[in-house]
Amino acid sequence: MTVAPGRGCPKRMTYGPCGGVGPDGSCEIAPEPCVFLDDPIVPWAGAASARGPGAAGREFRALMRRRPVIVAEMPTVPLDVRSIAETADVMRGTVDAVTTGDSPAARVQYPPAYRALLVQQHGLPVWAGLNCRDRNRVALEGEIAALAHAGVVAVHCVTGDHPESGHRPDAMPVFDLESHELVPLARAAGLLVSVAESPAAPPVTHRAGRLAEKVRAGAQICLLQFCGEVEDVAAFTDAARRAGADIPVLPGVPLIVDEYGAALMSSFAAAVLPAGYVESVRRAADPVSAGVEAAVRYARALLTVEGVAGVVLGGAPDPGSGTLLARALAAVGKELGAGR
Ligand code: SF4
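Residues numbered from 1 in each chain as written. Predicted model: local features only at pLDDT ≥ 70, side-chain atom pairs only at ≥ 80, totals over all residues. Heavy atoms only, no water.

Taking an unreviewed UniProt entry as the reference, the chain is identified by name as Methylenetetrahydrofolate reductase belonging to Pseudonocardia yunnanensis. UniProt, in the comment section headed Cofactor (unreviewed entry), describes the chain in these words: "FAD". Per UniProt, the chain carries the Pathway (unreviewed entry) text "One-carbon metabolism; tetrahydrofolate interconversion." (UniProt positions renumbered as here; feature names shortened; annotations may be inferred.)

In structure tokens:
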């Protein structure tokens, strides 16, 4: 384990805990308690930019006011422009935007702004992921400027997983900044800015207040990690609002279409799936149809929760089954009324 100086957080965080705290309070990458576990919420101590988003962000926000937005992960083969084109052909017009985020199984990706341009060339609006693991503040500022120029609808600012939790543990962890600090930089560049929160990760009583501090830093939307039943999402959005985080929330909706996805989605430390969700797909004679039906049902229920302005569909494709997952994501998106 790479232990940083100071408090000992391997990700050098000030505004911890991150979303990777294990159910028993252990650190994301070490068999030791998270160093922030018993601390009070760390208040945001920096400045916040009040700049509004550019044209793409404004249009997306206007759409979000008219109806729930349906965002989906885009299951492409890393560093493969043909895969981007093929997946875009399947998903175009079926979702309102695609996320181009991180993957523990494929840490090496095209740089965020280049990836966004490649996807957008095929007619899919991009909600770009940006993490602090692989780039220092200078490189992040360059990416933010490029993402603003590329006209992405939003940027998702996260601290990111530690390299030891993915397939490139040989890489040096950077963590020059963390999500709270990335937010005002992205706002100042005229981007619509989202952040993540994991309501089921310990200490669960701090998660709503922690989101409120990110809002004080300038966050405008929250993308939620899978956190269980609809009632759990409702309880979190209510607690967040009372803590001062009165921003649109987009909970995650797992889409499981095969055993690979079922096993992987059940293994995420900070993620809790609704009771029976995985089993209902595993038992089905046609797991793809069952997965689509489960996702549509769960998404519709989430969209009745006050404060929920849309959903983010996510799945885990077996290497080689990305197109199958893309078709399933497209089916869910269409069923939920995206792209109309
Ligand atoms: S769980 Fe996250 S915030 Fe806590 S010590 Fe580990 S890396 Fe740092």
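Novice: Any chance you could explain the packing of aromatic side chains here in plain terms?
Specialist: Describing an aromatic ring pair means giving the distance of the ring centres and the angle of the ring planes. The tally for this structure, following the rule as stated, stands at four aromatic pairs. Seen from their ring centres, phenylalanine 60 and tryptophan 127 are 5.5 Å apart, and the 90° between their planes marks the pair as edge-to-face. Note that phenylalanine 60 is positioned in helix 1 (residues 55-66) and tryptophan 127 in strand 3 (residues 126-131), a separation of 67 residues in sequence. Each member of the pair, phenylalanine 60 as well as tryptophan 127, is classed as buried. Both rings, one in tyrosine 110 and one in tyrosine 114, keep their centres 5.3 Å apart while their planes meet at 85°; by these two values the pair is edge-to-face. Judged by its relative accessible area of 42%, tyrosine 114 is partly exposed. (Phe/Tyr/Trp six-rings, centres within 6.5 Å; stacked < 30°, edge-to-face > 60°. Helix = DSSP H or I, 4+ residues; strand = E, 2+ residues; numbered from the N terminus. Buried < 20%, exposed > 50% of the residue type's maximum accessible area, 1.4 Å probe, protein only.)

Novice: How should I be thinking about the confidence of the model for the chain in this particular structure?
Specialist: A low pLDDT score tells you not to read the predicted coordinates there in detail. The predicted model of the chain has a mean per-residue pLDDT of 94, with 98% of residues at 70 or higher. For residues 1-6, every residue scores under 50 in pLDDT, and the model assigns this stretch 13 contacts once sequence neighbours within four places are set aside. (pLDDT = per-residue confidence, 0-100. Contact = heavy atoms within 4.5 Å.)

Novice: I tried to follow the environment of alanine 243 on my own but got confused; where do I start?
Specialist: When you line up the elements, alanine 243 lands in helix 7 (residues 230-243). For alanine 243, a relative accessible area of 27% puts it in the partly exposed group. C-alpha separation for the pair alanine 243 and arginine 107, spaced 136 residues apart in sequence, amounts to 34 Å. Other than its neighbours up to four places away in sequence, alanine 243 contacts Ala208, Gly209, Ala212 and Arg216.

Novice: Help me understand the nonpolar core in this model?
Specialist: Counting 80 residues, the largest nonpolar core has Met91, Leu147, Val253, Leu255 and Leu313 as its most contacted members. Sort the elements by how many residues they give to this core and helix 10 (residues 287-302) lands first, with seven residues. With near-sequence residues (within four places) excluded, leucine 147 lies in contact with Pro112, Ala113, Ala116, Ala128, Leu130, Val152, Val155 and Leu191. Val69, Ala97, Ile221 and Leu223 belong to the second largest nonpolar core, which has 15 residues in total. (Core = buried A, V, L, I, M, F, W, Y, C linked by side-chain atoms within 4.5 Å.)

Novice: Got a minute to help me understand the pairing of strand 6 (residues 221-224) in this structure?
Specialist: Looking down a regular strand, the side chains alternate between one sheet face and the other. Every second residue of strand 6 is oriented toward a common face, with Ile221 and Leu223 on one face and Cys222 and Leu224 on the other, all of them buried. Pairing between strand 5 (residues 193-197) and strand 6: four bridges, direction parallel. Across the sheet, residue serine 194 finds its bridge partner in strand 6, namely isoleucine 221. Between the parallel elements strand 5 and strand 6, the chain passes through helix 6 (residues 207-216) in a crossover that is right-handed. Looking at chain direction, strand 6 and strand 7 (residues 249-254) are connected through three bridges and run parallel. Opposite leucine 223, over in strand 7, you have leucine 250 as the bridge partner. One crossover worth recording links strand 6 to the parallel strand 7 by way of helix 7, and it is right-handed. (Pairing = 2+ DSSP bridges. Right-handed = clockwise from strand over helix to strand, strands pointing away.)

Novice: What exactly am I supposed to notice about the packing of helix 3 (residues 112-120) against helix 4 (residues 137-150) here?
Specialist: The packing of two helices is summarised by the inter-axis angle and the distance between the axes. Two elements in contact, helix 3 and helix 4, have axes whose closest approach is 8 Å; the angle formed by their N-to-C orientations is 15°. If you check the angle between helix 3 and helix 4, you find them roughly parallel. With respect to the hand of their crossing, helix 3 and helix 4 are arranged in right-handed fashion. On the side of helix 3, the interface is formed by Pro112, Ala113, Ala116, Leu117 and Gln120, while helix 4 contributes Glu143, Ala146, Leu147 and Ala150. Each residue belonging to the contact of helix 3 with helix 4 can be placed in one class, and the counts come to seven nonpolar, one polar and one charged. (Axes fitted to C-alpha atoms, helices over the stretch in contact; angles between N-to-C directions. Parallel < 35°, antiparallel > 145°, perpendicular 65-115°, else oblique. Left-handed = near helix turned anticlockwise from the far one by under 90°. Nonpolar A, V, L, I, M, F, W, Y, C, P; charged D, E, K, R; others polar.)

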